[in-house]
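Coordinates in review
So you can see what is in the structure, the chains are spelled out below.
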Amino acid sequence: MSKNRFLFNKYVLVMAVSGTLFAPLSVYGKDEGPVVEQLCASCHSLTNLERSAGYSQQDWQTLISYMVDAGADTALNKDISAYLAEHYPVNTKRESKVVTGDLKLSFKYWQVPTLGQRARDPVQGKNGIIWWVGQWGNILGRLDPKTGDMKEYTLPSGTYAHSVSLDKNQTPWFLGNKNGTVGYLDLKTEKFKVFKMPNKNARDPHTGVFDEAGIFWFTLQHSNMIGKLDPIAGDIQLATLPTKGSRPYGIKLDSKGTPWVSCNGSNCLIKVDKNTMDLGEIKLPGAKTHTRRLAITPDDMVFYVNSGMGKLGRYNPKNGKITQWDNPSGENSHPYAIEYADNAIWFNESAKRPETLVRFDLNTETMQSWQIPSKEGVYSGLIRHMRMGNNGLIIHQTATNQLAEITWSK
């Protein structure tokens, strides 16, 4: 859906190949509600509207401009935003709880060129370059944060990459979530090299990380597998998780290069033997517990977001002790992304509106949180992954097709 092809109804296509909306709603008579809702539903569920914090007409216009090119002052833009402001006004149904503190945040934003791509999972290399994938647009993107220059590459047909990782040479590797592939962009030739899964049941590579030996470890969520790729030999090995439906999601390495995996479908963490690929399952407390992602501190404490129960958790591999802390916004906050940075654990509360960023101080075991704005002040987004960059946290907002760098000071 890289050209944002939106179907108003079964007869009328309202977005040209150029990507510009052109028809005012008035041509459809009084049936504006179904028209607007079909337009929105062509890219995302209508529950996104129902569960939003709501906006004024001006803010709806701003938010729409981050999603599609509807024209800044067109009749179509005004009609859509007026309808949305009337039926989805500002509300506090999913209000987040903010915990104040001494730390101040600064945000620097970049709007990706192709709207509607669902930009996600940015990672910054040591050379400063930020790479991202636009999953719905089948795009691999490159950003130079010093100049703001961006370049987008169309991935091989059917890839729809879920994430991007960098090897020691700063080469961007992508995981083909829809066609069961792993690949990279050759920076000299600007051509793609693709590796296919050796097992037809390994369908959805998800998130990956390189170890010091250059081996690429990755998860396959719905396939319930973990993969290991030797880029030199081109060999891929796969291992299936012991519990059916565990849905391996996030993956990180500890100081010894051991991969750890979070389970999005079961209450578990997985420790991977890097030599044999034997999988050790650690059961976490609570039947509702599931973990989107994890972070590992320099002393090898494994922190995870308990997305199912609205908690931050810590597993101590040395003694097996598990500790959990309630999130500021409670059980239904659905923490999602997580990262270690500056002697703290950072994570977001993705189910709250506005979405919040939380910092857990490792020394005091206290939290501070902030509502996360989008560019120009609209509070929308959805962070699915965050990673520490050269100066601060590098995040994305899929709803607004934006990348951002977060820095902090006292």
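In what follows, the structure referred to is the one given above.
Residues numbered from 1 in each chain as written. Predicted model: local features only at pLDDT ≥ 70, side-chain atom pairs only at ≥ 80, totals over all residues. Heavy atoms only, no water.

All right, on to the sheet that holds strand E26 (residues 387-388) then. Pairing in this open sheet of four strands is antiparallel, and the strands run E1-E28-E27-E26 from one edge to the other. At either end of the open sheet lies a strand with only one pairing partner, and these are strand E1 (104-111) and E26. Of the strand pairs in this sheet, E1 and strand E28 (residues 402-409) are connected by eight bridges, and their pairing is antiparallel. Paired with Lys108 across the strands is Glu405, a residue of E28. (Pairing = 2+ DSSP bridges. Helix = DSSP H or I, 4+ residues; strand = E, 2+ residues; numbered from the N terminus.)

Strand order in the open sheet formed by four strands is E10-E11-E12-E13, with antiparallel pairing between adjacent strands. Whereas interior strands pair on both sides, the edge strands pair on one side only; in this sheet they are strand E10 (205-210) and strand E13 (235-240). The average undirected angle you get between the axes of adjacent strands in this sheet is 20 degrees. Summarising the sheet, E10 and strand E11 (residues 216-220) pair through four bridges and their orientation is antiparallel. By the bridge assignment, Phe210 is partnered in E11 with Phe216. (Axes fitted to C-alpha atoms, helices over the stretch in contact; angles between N-to-C directions.)

Moving on to the pattern of salt bridges. Tallied over the full model, the rule gives nine salt bridges. Asp300 is the salt-bridge partner of Lys256, the closest N and O atoms lying 3.7 Å from each other. Taken as a pair, Lys256 in the loop between strand E14 (248-253) and strand E15 (259-263) and Asp300 in the loop between strand E18 (291-296) and strand E19 (302-306) lie far apart in primary sequence, 44 residues in all. Residue classification places Lys256 among the exposed residues on the basis of a relative accessible area of 57%. In this structure, the salt-bridge partner of Asp326 is Lys311, at a minimum N-O distance of 2.5 Å. Taken together, the residues span a long stretch of sequence, with Asp326 in strand E21 (residues 322-326) and Lys311 in strand E20 (residues 311-315) at a distance of 15 residues. The class for Asp326 is exposed, based on a relative accessible area of 54%. Overall, Lys311 belongs to the buried group, its relative accessible area being 18%. (Salt bridge = Lys/Arg side-chain N within 4 Å of Asp/Glu carboxyl O. Buried < 20%, exposed > 50% of the residue type's maximum accessible area, 1.4 Å probe, protein only.)

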